[in-house]
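# Observations on chain architecture
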Amino acid sequence: MTEKSPADRPLRLLPGLGPKSIVWLNEVGITSEAELRAIGAVAAYRRLKHWNPRLVSRNALWGLYAALNGTHWTSIDAATKQRLLAEAGENPD
């Protein structure tokens, strides 16, 4: 049995991504860690927001970024959040 490289892992193995987030990502065509890494947290968030703007909150952006960086979303500092929002084309409140 060959072990998958980290980038080929299913989304469910990424830390911090829950079942609901995984279903949402699948809805927008992102089904593996490799796909998420290729598109990046900001672009994935923008896809999710386009798919369902009322359902998807900024917490999804924090969660995607944290999952790709192996941290918990609550540990993301304010400067990083501001940068992510700017990249996503959103005004910080």
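What counts and how
Residues numbered from 1 in each chain as written. Predicted model: local features only at pLDDT ≥ 70, side-chain atom pairs only at ≥ 80, totals over all residues. Heavy atoms only, no water. Helix = DSSP H or I, 4+ residues; strand = E, 2+ residues; numbered from the N terminus. Rg over C-alpha atoms; globule rule 2.2 N^0.38 Å. Buried < 20%, exposed > 50% of the residue type's maximum accessible area, 1.4 Å probe, protein only. Contact = heavy atoms within 4.5 Å. Core = buried A, V, L, I, M, F, W, Y, C linked by side-chain atoms within 4.5 Å. Phe/Tyr/Trp six-rings, centres within 6.5 Å; stacked < 30°, edge-to-face > 60°. Salt bridge = Lys/Arg side-chain N within 4 Å of Asp/Glu carboxyl O.

## Structural notes on the overall build of the protein chain
A tally of regular secondary structure across the protein chain gives five helices and zero strands. Counting helices and strands in the order they occur from the N terminus, the protein chain gives α-α-α-α-α. Over its C-alpha trace the protein chain gives a radius of gyration of 13 Å, about what one expects of a compact globule, namely 12 Å for 93 residues. Dimensions along the principal axes, computed over C-alpha positions, put the protein chain at roughly 50 × 25 × 20 Å. Per-residue burial over the protein chain gives 34% buried out of 93 residues. A separation of at least 24 residues holds for 40% of the contacts in the protein chain among residues at least 6 apart in sequence.

## Some remarks on the nonpolar core
With 26 residues, the main nonpolar core has L17, L25, L36 and L64 as its most contacted residues. Counting only elements with at least two residues in this core, the list comes to helix 1 (19-27), helix 3 (41-51), helix 4 (58-69) and helix 5 (78-88). Broken down by element, the residue count for this core peaks at seven residues, all from helix 4. Non-local contacts of L25, meaning those with residues more than four positions away in its chain, are made with L11, L17, I30, A44, L48 and L64.

## Quick word on the environment of N52
In this fold, N52 is placed in the loop between helix 3 and helix 4. Using a relative accessible area of 25% as the deciding quantity, one classes N52 as partly exposed. A C-alpha to C-alpha distance of 20 Å links N52 and P92, two positions 40 residues apart in sequence.

## Quick look at the packing of aromatic side chains
For any pair of aromatic rings, geometry is given as the distance between the ring centres together with the angle between the planes. Using the criterion set out here, one finds one aromatic pair in the structure. On the numbers, 6.2 Å between centres and 55 degrees between planes, the contact of W24 with W51 is tilted. With W24 in helix 1 and W51 in helix 3, this pair connects stretches of sequence that are 27 residues apart. Look at W51 and you get partly exposed, because its relative accessible area is 32%.

## Here we look at the pattern of salt bridges
Under the counting rule described, the total for this entry stands at four salt bridges. Across the salt bridge formed by R58 and E90, the nearest N and O atoms sit 3.0 Å from each other. You can see R58 sitting in helix 4 and its partner E90 sitting in the segment after helix 5, a full 32 residues away along the chain. Look at the salt bridges and you will find they share partners, linking R9, E33 and R37 into a network.

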